[in-house]
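# Observations on chain architecture
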Amino acid sequence: MPPAQLLAVKAKFAVEPPGSLSLPLFEPKALKTSDIVGKAAEFALDKNDPFYVFGLPRKMLLEFRLMTKPTTVVRGVTKESIELLQSAKDKSSLDTRVVFTGRAGCGKSFLLLQAVEHCVAQKWVVIYIPRAVNLVNSTTTHAYDIRTQTYLQPTFSFQTLQRMLTVNDVALRKLTLQTSLQLEKREVPAGTSLAELIEIAINDRSRSVAQAPLILETVMRALEEQTRYPVLFAVDDFQSLYGKSKYRDPHFETIHSYHLSLPRMMLEYASGRRKFNKGAFVGAISCSDTNFPLPIELRDALGLEYDHPMSPYDKRFKPVFDYTEGLKAIKVPEKLSVQEAMSVFEIWKNEQALADVVMRDSEGRVVTNYDEQFLAKYTQSGGNARDFVWGGILANMEA
Amino acid sequence: MVHILGINLPDNHLARFALTKVYGVGQHTAHRLCARLQVHDRCKVRDLSPFQVTSLASFLSSPTSAPPLPRYPLATPDYVSPPLSTSTQELQAEFLAKRKAKKVKNLDPLKNLKIESELRREVRENIAHQRMIGSYVGRRHAMGLPVRGQNTQNNAKTAKKLNKLDRHG
């Protein structure tokens, strides 16, 4: 075929360039509309968003790297969670300690990210730990502290302080210390803003990393007491905080996660031993990592199924069991609804993840088989979100 | 580059596996040494603090004379830490005073650790003992042949090369 004619044919069947779908923004006013459920929305991100600063769980990061713009589908459970957080805005975090549960790949981490983004838009103070497993898998420094009788994690504490400052700069500049803080070489007077306190730590990095756990503790206490901004503490890989860590003490005995400073802090907020005067604690379990499976105590507390037939001899560890007190489970539906799956399919079709299968019928009209592909992938994956995207759309071999 | 007992540990290696370069330290002993020094599994040699390096070097130079490790208390779920005005030195002194009152047995497996020249000497002494008592094992070492019942009709090249009375000398 002559080149000019080829180009004309290609132009006729040209698909839109990737990322050209015009989607509403994932923002509070769009989420209030009732017809947003089942539709896709684009995250409205700036450079200081938790999405970039705190990071993402590993599998979600891969998915967002493939997309032109970060998009997500608003589900029924998204609206419910957002309504829960709206009602939690003026209440203590004791009343809102929830954990997203569900089978592997059903969308718990995505839902947690949606909750985080919503709270950022609503000007909450947000602390998001996307990979809590990194606190317990012996990948960060630890050092025993005789005062707290726990193992402090200075490097992770320092990183968390830096990230909190970047994401919540406006709020932390307005909140101040109620009492003075004595550091190694200086005293930080009462009335200093939390942002200034964290900047003192960042500027004097060589000395501050060791004192980062103390500074983080002070900042968290100040956030607990204040009532100006609600605080969201979101933790993914939540189940990894409830078992034994991969750390070993000097006697080579395994260190339990509640003897590590940061996991202990999260467990205290989750169990209600510590609370924010205004805010919520939200966790999401992960079924992906077999090194940190869902422990039996958490299954009991959240009413989840057991992985083996239970007997009266199955042991529960009391300290861990006590840290599960008051947690409520929000079950994420196992299957995407057809409308939700169609929106996901539309996003990836626009990203050109699917083969451009455009044909003509006997009368010369253009037909596509996207509907066949959609139904095939949806049925094969059984509606499971991760299987639908990774095992269905992105594993598509049709040429 | 960190030098411990004359052995160079490359900076970009994980500390837990770099320690296996020491003769007599395998993976399990290296893991135990890292735990003793509070070095996490993914720590690289360049990230070791000077205190950790000197503690490691002083421990490995004489493991038997190292003081027994204290067993520090770990916080129960309802533990409330003392106020910041209490200094670490006071708490440490209090803990050591309580510990002195108790007789603590040192059950640390690393206290009998033998490395480098001591270990080589022990191996040579074992072979020399076998020879002295006139055992089969001693005779095979002396002849430079396999010791553990391997075939000699063919192969046995390693034994012929390495088996001596002053093996690993």
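Residues numbered from 1 in each chain as written. Chains lettered and ligands numbered in written order. Predicted model: local features only at pLDDT ≥ 70, side-chain atom pairs only at ≥ 80, totals over all residues. Heavy atoms only, no water.

### Quick word on the overall build of chain A
Helices and strands together make up the secondary structure of chain A, namely 16 helices and 15 strands. Scaling as 2.2 N^0.38, a compact globule of 399 residues should have a C-alpha radius of gyration of about 21 Å, and chain A matches this with 24 Å. Counting only residues that meet the buried cut, chain A has 54% of its 399 residues in that class. Restricting to contacts in chain A with at least 6 residues of sequence separation, those with at least 24 account for 74%. Carbon and sulfur atoms form 53% of the exposed surface of chain A, whose accessible area is close to 18,200 Å². Here chain A holds 49 positive side-chain charges and 46 negative ones, and the gap between their average locations is 2 Å. (Helix = DSSP H or I, 4+ residues; strand = E, 2+ residues; numbered from the N terminus. Rg over C-alpha atoms; globule rule 2.2 N^0.38 Å. Buried < 20%, exposed > 50% of the residue type's maximum accessible area, 1.4 Å probe, protein only. Contact = heavy atoms within 4.5 Å. Areas by Shrake-Rupley, 256 points an atom, 1.4 Å probe, with all protein chains shown as cover. Lys, Arg positive; Asp, Glu negative; His and termini not counted. Charge placed at Lys NZ, Arg CZ, Asp CG, Glu CD.)

### A short note on helix α6 (residues 136-143) of chain B
Residues and elements named next belong to chain B. Those residues of α6 not exposed but buried are G138, R140 and H141. Seen from one end, α6 has its buried residues packed into an arc of 165°, which puts them on one side. Tucked inside the fold, the buried residues of α6 contact α5 (116-132). Phi for G144, located one or two positions after α6, is positive at around 75°. (Arc of directions from axis to C-beta.)

### Description of the pattern of salt bridges
Residue and element names in this part refer to chain A. One pass over the full model with this rule turns up 20 salt bridges over all chains. R221 is the partner of E224 in a salt bridge, and the nearest nitrogen-oxygen pair spans 3.7 Å. With E224 and R221 both in helix α10 (residues 205-225), this residue pair falls three residues apart, about one helical turn. The class for E224 is buried, based on a relative accessible area of 9%. For R221, a relative accessible area of 37% corresponds to the partly exposed category. Residue R299 is joined to D307 by a salt bridge in which the shortest nitrogen-to-oxygen separation is 3.8 Å. (Salt bridge = Lys/Arg side-chain N within 4 Å of Asp/Glu carboxyl O.)

### What to know about the sheet that holds strand β12 (residues 279-284) of chain A
Residue and element names in this part refer to chain A. Pairing is parallel across the open sheet formed by five strands, whose spatial order is β4-β9-β12-β3-β13. Edge positions in the open sheet fall to β4 (125-129) and β13 (328-331), since each of these has one partner strand only. Averaged over all pairs of adjacent strands, the angle between their axes in this sheet comes to 20°, without regard to strand direction. Those strands touched by helix α11 (residues 261-271) are β3 (97-101), β4, β9 (231-236) and β12, and its axis lies near 115° from that of β9. (Pairing = 2+ DSSP bridges. Axes fitted to C-alpha atoms, helices over the stretch in contact; angles between N-to-C directions.)

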